[in-house]
Amino acid sequence: MVSNISPGDTAWLLTATALVMLMTPGLGLFYGGMVRKKNVLSMIALSFIAYAIVSIQWVVYGFSLAFGKDVHGFVGNLCYFLLPNFYNKIWPGTHIPALVYVAFQLVFAAITLAIITSACAERIKLSAFIVFGLLWTTFVYDPLAHWIWGGGWTASLGALDFAGGTVVHISSGFGALALALVIGKRSGFGEYDMEPHNIPMTLLGTALLWFGWFGFNAGSAVAANASAANAFIVTNTAAATAGLSWMFASWIKEGKPGSLGFASGAVAGLVAITPAAGYVGIPGAIAIGAVVGVLCYGMMLFRISRGLDESLDAWAVHGMGGLWGAIATGIFATKAVSDYSGLIYGNVHQFVVQIIAALAAVAYAFIVTLILAKIVDAVIGLRVSEEEEYVGLDISQHGETAYA
Amino acid sequence: MVSNISPGDTAWLLTATALVMLMTPGLGLFYGGMVRKKNVLSMIALSFIAYAIVSIQWVVYGFSLAFGKDVHGFVGNLCYFLLPNFYNKIWPGTHIPALVYVAFQLVFAAITLAIITSACAERIKLSAFIVFGLLWTTFVYDPLAHWIWGGGWTASLGALDFAGGTVVHISSGFGALALALVIGKRSGFGEYDMEPHNIPMTLLGTALLWFGWFGFNAGSAVAANASAANAFIVTNTAAATAGLSWMFASWIKEGKPGSLGFASGAVAGLVAITPAAGYVGIPGAIAIGAVVGVLCYGMMLFRISRGLDESLDAWAVHGMGGLWGAIATGIFATKAVSDYSGLIYGNVHQFVVQIIAALAAVAYAFIVTLILAKIVDAVIGLRVSEEEEYVGLDISQHGETAYA
Amino acid sequence: MVSNISPGDTAWLLTATALVMLMTPGLGLFYGGMVRKKNVLSMIALSFIAYAIVSIQWVVYGFSLAFGKDVHGFVGNLCYFLLPNFYNKIWPGTHIPALVYVAFQLVFAAITLAIITSACAERIKLSAFIVFGLLWTTFVYDPLAHWIWGGGWTASLGALDFAGGTVVHISSGFGALALALVIGKRSGFGEYDMEPHNIPMTLLGTALLWFGWFGFNAGSAVAANASAANAFIVTNTAAATAGLSWMFASWIKEGKPGSLGFASGAVAGLVAITPAAGYVGIPGAIAIGAVVGVLCYGMMLFRISRGLDESLDAWAVHGMGGLWGAIATGIFATKAVSDYSGLIYGNVHQFVVQIIAALAAVAYAFIVTLILAKIVDAVIGLRVSEEEEYVGLDISQHGETAYA
Amino acid sequence: MKKVEAIIRPEKLEDVKKALEEKGIVAMTITEVRGRGEQKGIKLQFRGRTMDVDLLPKVKIEIVVEDSRVDTVIKTIADSARTGRFGDGKIFVIPVEKSVRVRTGEVET
Amino acid sequence: MKKVEAIIRPEKLEDVKKALEEKGIVAMTITEVRGRGEQKGIKLQFRGRTMDVDLLPKVKIEIVVEDSRVDTVIKTIADSARTGRFGDGKIFVIPVEKSVRVRTGEVET
Amino acid sequence: MKKVEAIIRPEKLEDVKKALEEKGIVAMTITEVRGRGEQKGIKLQFRGRTMDVDLLPKVKIEIVVEDSRVDTVIKTIADSARTGRFGDGKIFVIPVEKSVRVRTGEVET
Ligand SMILES: Nc1ncnc2c1ncn2[C@@H]1O[C@H](COP(=O)(O)OP(=O)(O)O)[C@@H](O)[C@H]1O
Ligand SMILES: Nc1ncnc2c1ncn2[C@@H]1O[C@H](COP(=O)(O)OP(=O)(O)O)[C@@H](O)[C@H]1O
Ligand SMILES: Nc1ncnc2c1ncn2[C@@H]1O[C@H](COP(=O)(O)OP(=O)(O)O)[C@@H](O)[C@H]1O
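My aim in this report is to walk through the structure given alongside it, one point at a time. (Residues numbered from 1 in each chain as written. Chains lettered and ligands numbered in written order. Predicted model: local features only at pLDDT ≥ 70, side-chain atom pairs only at ≥ 80, totals over all residues. Heavy atoms only, no water.)

### A look at the overall build of chain D
Stated formally: A run of H or I in DSSP counts as a helix once it spans at least four residues, and a run of E counts as a strand once it spans at least two, with each numbered from the N terminus. Two things to know: the radius of gyration comes from C-alpha atoms, and the globule rule equals 2.2 Å times the number of residues to the power 0.38. Note on classification: 1.4 Å probe, protein chains only; a residue is buried when its accessible area is under 20% of the maximum for its type, exposed when over 50%, partly exposed between these limits. We call two residues in contact when some of their heavy atoms are within 4.5 Å. Every accessible area reported is derived by Shrake-Rupley at a probe size of 1.4 Å, with residue values counting cover from the shown protein chains alone. This count recognises Lys and Arg as positive and Asp and Glu as negative, with His and chain-terminal groups excluded. Charge positions come from single atoms, namely NZ of Lys, CZ of Arg, CG of Asp or CD of Glu.
In terms of regular secondary structure, chain D is built from two helices and eight strands. Counting from the amino terminus, chain D carries its helices and strands in the arrangement β-α-β-β-β-β-α-β-β-β. Relative to the globule expectation of 13 Å for 109 residues, the C-alpha radius of gyration of chain D, 17 Å, shows a markedly less compact shape. Principal-axis analysis of the C-alpha atoms gives chain D an extent of 60 × 25 × 20 Å. Looking at chain D as a whole, 55% of its 109 residues qualify as buried. Across chain D, every contact between residues at least 6 apart in sequence was considered, and the portion connecting residues at least 24 apart equals 72%. As displayed, chain D offers around 4,700 Å² of accessible surface, 49% of which is attributable to carbon and sulfur atoms. Looking at charge distribution, chain D has the averaged site of its 23 positive side-chain charges lying 6 Å from that of its 19 negative ones.

As structure tokens, then:
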């Protein structure tokens, strides 16, 4: 059986998996630079801990829930509990060892949980996050991954999601929105400024995210082929376009273009191209990127104007960017790069299917996250005490000071 | 047609492209650590923005100018405008999808523009850089890339440039020299010290550059083969040798070896081996590295002694290191690793051709950059105002403060 | 001959080599964040310099000592001095160019020397380190690499070491112990706190180490196959488990879980799975990780309680983690993933062989390091003067200040 | 002339600056400091233990003014920096004998 | 009231804090500074040259106390900060005319 | 004894140090601060708007000297720190009642 492994495909997927792995600490740095000095370790640690929790959950039962035998189109069963006899398995429909596929999917699940920490930045109790995180990846991520990639109902419907627009970004973005509503604002939010303490750290995080995203999107071809090549280049195009688009939008509106604006825009572009990367060409990527930069910038301003402390904009960037990306896939998909076409080629059906799948993910992620957050809050309390928040989570949750 | 893709070659080139992409923000950090605290965001942002501009320009028409149908040996035509029907194309002479080749070449074009920001560090107006950058990549980089890699006149002459010694390093290094002359010194240059504000950031940048350079040089084999292997190991050898060579030179001259000296030397080594990586063996790499460390250190001292504010030494390191590398290729090329041989094996011809091609690149890059810089300066002004320079570009150009 | 190269395997090994290369500066950052502000450049520079020294030594004669023709099972001869005619060679038993194999092994040798700098942090004389480093890699690393991978006596014995538990981690860990004993405590150690000056830097280092370790372990399959896949995923599993294990252990003991604890635990997990990665499955990885987190945490506490200034815990984490990993390979090896089985499947022989090979490495590394350190100390002095130590090595050894 | 030295919560700096500007007090020097008052910082509980978190970050504002404006400065700072909780800070008044403007060399006493 | 301003070695801060606490002196403000004394820092030799490393990192402790406790504070700091080598630091006493507690507005003179 | 407290441009520190050394003044303490003078910092124009960039980085030099040398210190600093543009800085003189050398315990008044 092992004779069917393609070393080339395997090489690329091993690499892609490593690249995506790096995104999670990259996200920790991206977020960590944006919080106050007293919470930077907490912020980075949350990403690492999210990664670690999911790493174990996934090989034990998470992969099985997502990719196990389908149960009513909703979730997988436990047939892959602890990955029995996976060593000699090739993953069906691919030419790579099943364990590479498991690892590749693992790093997606991990970063999704990490993205959500935006919502509880600078105020969550570490113990509560660990419990919440385990519940969230199990009850939100795993089913959503099953729906589209594990043979669930949205897959049957014909929805497209190349690398996780709904699964990763809508789920974490709208999950973050729900979590922010339950946990409440940071004390002092809206009263005084909470300036990012280290923007170069955020820019470094941006670099690692962009770098890793090539693994994320081009790896999702699950082969080293033309589809991977296309995903690679449109990913870059959309990121560059969206970075400039957010930058120019803020230049016009605020008179100066922040480097953080460029960085946020680039991430928004990476988010939006994620579901589309295997289905659109360069022109589609430029359109997707140009729109998402302005859109997410506007959504961030809207969030702030509403006094909503979804602190690091997972909702505005990942949630709304992911939503746009999912819909845009149904608009710009072209037969020039795959078997699918979108609205601009007259395929209304695909467009409608994309909207249904995206809205279902929005609703599911938001509602289930809300419930899980409420439960954890009721049982062990999501938030640290006022004093702990004041001295900062680094000291109060970790007993450490970031910089001496 | 797609049947001829080699997944192994494609896997390596996808990886190599991602590695080279990381070099541009890596360079941003390398440079960013060397400027004053008030300009670090500007410095990193310039790299990101250079990357973004070129990313879009390249897929729209830049690739075509470089690799389109030859026009008088000087530049390509616009036949590849927006990369028509590239999805199913394999790049001629390789076994990888054309889109991977485009992406691989893209990241070279991007970093080249980023290197040049050395010359205008801490004083350029962001809007002017955007305009200048677009012009520069179009009128300097694209033709130079065509000359040697797109079937232009230096290629016809038989010049060798494995991974961009002339195209990337001579062009950006001598371009930086011209730009520095036009934009003028930083206010206070020569009067008081402008110490690097964060050397660990520069060392991190060095690490990312070194790491990414394996993609740069070994990726330039455009295959996962023995030539890539050779490029990989000689790259490492030259970098290590040059890092130690600069370090020892400054140890002897200044009494202490700076970590920045090691870092600068390593980059100089990477630069110098770039054109040679596919043509020289280990002994050649050691010679190239040992010479370039001392040479570029001397060039830096010379530049300072002349009161020239080419601020972060793109000229001394990339320009002169690239020049040496181009010539050294004609000296140390050996039949043991390719079909070419150099001066030490009696091939005077190759040596002369290398010098011609290198000097042509020097002249072209210097003169055209000078003209472009003068034009931009005349039309919109290259420099910020004195006050803006004093408060720093982070605040004046981006409205941000790096560290809170 | 070159016809037998597998582009897929080669692509993966080129990538893996680059990943492992990044670990050395990653380690520099990991260590650099833990020292005081006045020594951070020194700490990072030591890693870079270790890398550079070994880079040259290895291609000149180090590779030959390790992989040359066997001399009495102890060391290789000099038949591969300067890698004669390696360009067209395929490394025996693999499908990759010999130069890739050389490069892959090079990066292992380099990081091993870098790990040992833990023992002399904040007090070693740069010149002494250069001399010591060259001796150490020649007399400790090269023979140990030969024993197990170059056809030496432990290989003949049947010992297993997939990716360097003995060669890399035991050797550097116990070498660090010996070096710490010779060089002595930092002045002020035990009298006042020496807090890490930049924990985010250490966390960034952790991220790069984890990322690079996929190349380290999955690259050690020397192919893009199922064994690489297995190594990849068990590496991740052990790291995640050990990170959490150390974190919970310190949470229980100290009342708060430090982010540094998570990071150290993760590294300990990576260390411990290194020799086992090609021989154990997921359950074994979880067991190895869970134990090593608690074990190394305990060893660190023990070291501190003994007033031993092996400053950054190479011994506790790499030495003891590597020892446990070597033994655990003999416990958890399973026929499900290779041809070998361990104690839990009744194979007492393998277990005993592992212990013999590990203890031999412990003894050899400790004793030879002790001797080398004593010689260097006697001849040129290992330590800086008291004043130099007080003002910090950045100023006294490099003439630089890290942050302005 | 006096130097008014106020040690306040960092997050109150903007409010204090604004309040002072309204009173026409613009010139000032700011230093980042750490400090604790008589309560020894903040007490955190964990797993049955108590930990004092002392030396919390504070901001020191220094303003040199003529004697007549000292009370305005003090009152303005105190009012705008107050939250009513421990840690709000302290203001000290220190005599200044002479003041020189570097740009012009002018001396004030 | 006086302000005692002590400039000490950073590594001695914990010892000084502990010693002061034992005397009941808790409140203080800490600033990171750099400084040199009359010796112009530390001299390093290399390759036959000499280099002055001046402006070494120091910590400044500021403590405002009633006049009666000034001597205790000085003595406690001096004793606990001393190593006997150059660079141990200096203590200055500066008059304070007034002190205000921001939280309550209380004035002490 | 007096404490001379000078707030100057960071880029002038080296010049000031050198000038003081020539006068035999070596001992000093340096603090990184931010500040603004009466001009409220620097005004930048962009897209028709004006933005005050205040609280620019400055360096504070503190030097304690006998009364007789105060004027020399002031003059030396003022001369060497001057550029003639806004933002050059201020020098304040504050009384010091006592000074103690930690290393020896010596007291000076
Ligand atoms: N006696 C003092 N000497 C020096 N600094 C002081 C003194 N008392 C207070 N401070 C400074 O003022 C800050 C706030 O004081 P604190 O006592 O916490 O205010 P409150 O009395 O309102 O609780 C402290 O963190 C410290 O920096
Ligand atoms: N005259 C002074 N004015 C201001 N600061 C001083 C003065 N003398 C000493 N200091 C500060 O005290 C620190 C320690 O002084 P130092 O002279 O080194 O102590 P010692 O006299 O014990 O050697 C210096 O680094 C400086 O910050
Ligand atoms: N009244 C004051 N109180 C406290 N600090 C002051 C005062 N006036 C000036 N400074 C400090 O001196 C610095 C320089 O003052 P500035 O007024 O800009 O100089 P100039 O008057 O030459 O323009 C300011 O940034 C501030 O830190």
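Having seen it, we continue.
### Comments concerning the relation of the copies chain A and chain C
Stated formally: Alignment of copies: least-squares fit on C-alpha atoms of residues with pLDDT of at least 70 in both copies.
If you rotate chain A by 120° and push it 0.0 Å along the axis, it lands on chain C with an RMSD of 0.0 Å. Both chain copies can therefore be described as sitting about a three-fold axis. Looking at the rotation axis and the C-alpha trace of chain A, the residue lying nearest is Gly8 of chain A, at 2.2 Å. Taken as a fraction of all interface residues of chain A, those also at the interface in chain C reach only 12%, which identifies the copy contact as different-surface.

### A word on the site of ligand 1
The condition that has to hold: Being near a molecule or strand, for a residue, means having at least one of its heavy atoms within 4 Å of it. In the analysis that follows, any N or O atom pair within 3.5 Å is treated as a polar contact, provided that within protein one partner can donate a hydrogen and the other can accept it, and provided that, for residues neighboring in sequence, both atoms belong to side chains. Each residue gets one of three labels, nonpolar for Ala, Val, Leu, Ile, Met, Phe, Trp, Tyr, Cys and Pro, charged for Asp, Glu, Lys and Arg, and polar for the others, Gly among them.
Ligand 1 sits among 21 residues. The nearest are Gly35 and Gly87 of chain D together with Thr29, Val64 and Arg101 of chain E. Close to ligand 1, residues of chains D and E are found. In the environment of ligand 1, an oxygen atom lies 2.6 Å from a nitrogen or oxygen atom belonging to the backbone of Gly87 of chain D. One of the side-chain nitrogen or oxygen atoms of Arg101 of chain E is found 2.6 Å away from an oxygen atom of ligand 1. The protein chains hide 97% of the 540 Å² of surface that ligand 1 would expose on its own. Those elements that place two or more of their residues in the shell around ligand 1 are strand S2 (28-36) and strand S6 (89-95) of chain D together with strand S2 (28-36) and strand S5 (56-65) of chain E. Split by residue class, the shell around ligand 1 holds seven nonpolar, six polar and eight charged.

### Quick word on the interface of chain D and chain A
Keep this limit in mind: Defined here as a combined quantity, buried area equals the accessible surface (1.4 Å probe) lost by two parts on assembly, summed across both. A pair is scored as a salt bridge if a Lys or Arg side-chain nitrogen falls within 4 Å of a carboxyl oxygen belonging to Asp or Glu.
Tallying the contact residues gives nine residues for chain D and eight residues for chain A. Buried area between chain D and chain A, both sides added, is near 890 Å², and the carbon and sulfur share of it is 67%. Here chain D is connected to chain A by one salt bridge. For Arg85 of chain D, the salt bridge identified is with Glu386 of chain A, shortest N-O distance 3.6 Å. The interface formed by chain D and chain A includes two residue pairs in polar contact (both at pLDDT 80 or more). Ranked by residues supplied to the side of chain D that touches chain A, first place goes to strand S3 (residues 42-46) of chain D with three residues. Grouping the constituent residues of the side of chain D that touches chain A by class yields five nonpolar, one polar and three charged.

### Comments concerning the pattern of salt bridges
All names here are of chain E. Enumeration according to the criterion identifies 78 salt bridges over all chains in this entry. Residue Asp54 pairs with Arg36 through a salt bridge whose shortest N-O separation is 2.4 Å. You can see Asp54 sitting in the loop between strand S4 (49-53) and S5 and its partner Arg36 sitting in strand S2, a full 18 residues away along the chain. With a relative accessible area of 5%, Arg36 lands in the buried category.

### Examining the interface of chain A and chain C
At the junction of the two partners, chain A supplies 52 residues and chain C supplies 49 residues. Interface of chain A and chain C: buried area, both sides summed, is about 3,900 Å²; carbon and sulfur atoms make up 79% of it. Contact with chain C buries surface across chain A, with Leu14, Phe48 and Tyr87 of chain A losing the most and accounting together for 18% of the total. Inspection of the chain A/chain C interface yields zero salt bridges. Mapped by element, the contributors of at least two residues to the side of chain A that touches chain C are helix H1 (7-32), helix H2 (40-67), helix H3 (98-115), helix H4 (126-149), helix H7 (199-219) and helix H14 (393-398) of chain A. Grouping the constituent residues of the side of chain A that touches chain C by class yields 40 nonpolar, 11 polar and one charged.

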